[in-house]
Amino acid sequence: LVTLVWFSVLGGTALEMAEQGLWLGVRDMQTAPEATYALLEHLPFTLIMQILTFLLVFVFLLTSADSGSYVLAMFSRGRADPPVAERLFWGGVIAMLTAGALLAEGGQNVTRAFAVAGSIPLMGLLMAQAVVTIRRRFQPPPTAENK
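Computed from a prediction, not measured in an experiment: that's the story for all the values here.

Caption draft 1: How the structure looks around the overall build of the protein chain. Counting its regular elements, the protein chain contains 5 helices and 0 strands. Secondary structure of the protein chain in N-to-C order comes out as α-α-α-α-α. For 147 residues, the compact-globule estimate of 2.2 N^0.38 gives 15 Å, and the C-alpha radius of gyration of the protein chain, at 22 Å, exceeds that figure by more than 25%. Here the C-alpha coordinates of the protein chain stretch approximately 70 × 40 × 30 Å along the principal axes. Among the 147 residues that make up the protein chain, the fraction classed as buried is 12%. Restricting to contacts in the protein chain with at least 6 residues of sequence separation, those with at least 24 account for 28%.

Okay, here's the thing in structure tokens:
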């Protein structure tokens, strides 16, 4: 619900501003963060909204990294409850890869390339899951003859 309200308020405000001819300065993906803060300057409680936006993005990134390190530790250990030290190890690996990608010559382009490269195997897994689910859904129920 919070996400729905957040996107509705900010997205609706940005659309309204665009209809009124106010330009937020979005030329490409590089200027999108600046446009977010430009949009927040047109809302009441600007400073509070900017701090809240920063905190929400920070918490999102932090929880995503924590979840990623937990899953990697689960896969490497083969157990649902990996030790904290292993989760910290994988968190450090993720942090080093992220820092390396951001500090590389390509910057955000390298990060985007990592995201695309990582999403391709995930897409294959999701497609396989969909095929299995559809097959199970439309498979006839077992009868006494075909048991």
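Caption draft 2: Fine view of the layout of surface pockets. For the largest pocket, the calculated volume is near 1400 Å³. Of all the elements in the fold, those that place two or more residues in the lining of the largest pocket are helix 2 (32-40), helix 3 (46-77), helix 4 (84-103) and helix 5 (108-138). Broken down by element, the residue count for the lining of the largest pocket peaks at 13 residues, all from helix 3. A breakdown of the residues in the lining of the largest pocket according to their chemical character gives 20 nonpolar, 10 polar and 3 charged. For the second largest pocket, the calculated volume is near 500 Å³. If you list the elements that add at least two residues to the lining of the second largest pocket, you get helix 1 (2-19), helix 2 and helix 3. Here the lining of the second largest pocket takes 7 residues from helix 1, the largest share from any one element. Residues belonging to the lining of the second largest pocket are distributed by class as follows: 13 nonpolar, 4 polar and no charged.

Rules of the game
- Residues numbered from 1 in each chain as written.
- Predicted model: local features only at pLDDT ≥ 70, side-chain atom pairs only at ≥ 80, totals over all residues.
- Heavy atoms only, no water.
- Helix = DSSP H or I, 4+ residues; strand = E, 2+ residues; numbered from the N terminus.
- Rg over C-alpha atoms; globule rule 2.2 N^0.38 Å.
- Buried < 20%, exposed > 50% of the residue type's maximum accessible area, 1.4 Å probe, protein only.
- Contact = heavy atoms within 4.5 Å.
- 1 Å grid on protein atoms, 1.4 Å probe; cavity = no way out; pocket = protein on both sides within 12 Å on 5 of 7 lines; lining within 4 Å.
- Points joined across faces, edges and corners; volume = space filled by probe spheres on them.
- Nonpolar A, V, L, I, M, F, W, Y, C, P; charged D, E, K, R; others polar.

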